[in-house]
Amino acid sequence: MARIRLLHAKLHQVRVTDANVNYVGSVTIDSELIDKVGILPLQEVEIWNVSNGNRLSTYVLSGEPGSGVICLNGAAAHLCEPGDFVIIAAYEERDRAEVFRTGHEARVVIADEHNRCKKFFSQTLDPCQGKLLFHAEVTEITATTNF
């Protein structure tokens, strides 16, 4: 039984709102964002800093809903600054043969300038005659409000 690691959730173009070196590890993320893509509190995530190229792995803490918070805590706070753009990705392990039978879905949020959902879509692997077909489908576009 071969296990593979597949993307299951991604927050794209989120902006770091705070960095707190004195907090004990993790990244605090607006709970509306993690709920939308299916990331769980305490789940491991990878963070790729688009602004400076730093990469790190940490775990998620649930932040105030609707706050837009993306706060790097502890040692991770040295790798990101408020205003940096980051991508946050979560993976899951799946049985390869099962993926070929049942497919797979990853949920993605592209954020606006306030870390609210600007666009939501799914990326799927659909089984078809022994192969997997990749498909991306926008399922929701959320209007943004200018403040």
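Below is a short write-up of the structure. (Residues numbered from 1 in each chain as written. Predicted model: local features only at pLDDT ≥ 70, side-chain atom pairs only at ≥ 80, totals over all residues. Heavy atoms only, no water.)

**Let's talk about the overall build of the chain**
Within the chain, the secondary structure is distributed over two helices and 10 strands. Starting at the N terminus and ending at the C terminus, the chain contains elements arranged as β-β-β-α-β-β-β-β-α-β-β-β. By the compact-globule yardstick of 15 Å for 147 residues, the chain fits well, its C-alpha radius of gyration being 16 Å. For the chain, the C-alpha atoms occupy an extent of roughly 50 × 35 × 25 Å along the three principal directions. (Helix = DSSP H or I, 4+ residues; strand = E, 2+ residues; numbered from the N terminus. Rg over C-alpha atoms; globule rule 2.2 N^0.38 Å.)

**Looking at the packing of aromatic side chains**
Applying the stated criterion to the full structure yields zero aromatic pairs. In this structure, Arg5 is placed above the aromatic ring of Tyr91, and the distance from its NZ or CZ to the ring centre is 4.2 Å. We note Lys36 situated over the ring of Phe120; from NZ or CZ to the ring centre the distance is 4.8 Å. (Phe/Tyr/Trp six-rings, centres within 6.5 Å; stacked < 30°, edge-to-face > 60°. Lys NZ or Arg CZ within 6 Å of the ring centre and 35° of its normal.)

**Some remarks on the pairing of strand E3 (residues 27–30)**
Across four bridges, the pairing between E3 and strand E5 (residues 55–63) is parallel. Bridging across to E5, Thr28 finds its partner in Leu61. By the bridge criterion, three bridges tie E3 to strand E6 (residues 70–73) in an arrangement that is antiparallel. Residue pairing for E6: Thr28 is matched across the bridge by Cys71. (Pairing = 2+ DSSP bridges.)

**Brief notes about the environment of Ile87**
You can see Ile87 is positioned in strand E7 (residues 85–95). Not counting chain neighbours up to four residues away, the residues in contact with Ile87 comprise Lys10, Leu11, His12, Glu46, Ile47, Trp48 and Val50. (Contact = heavy atoms within 4.5 Å.)

**Concerning the pairing of E5**
Both strand E4 (residues 44–49) and E5 contribute to a ladder of five bridges, which runs antiparallel. Bridge pairing links Trp48 to Arg55 in E5. The hairpin turn running from E4 into E5, its antiparallel successor, is five residues long, and Gly53 in that turn takes a positive phi close to 85 degrees.

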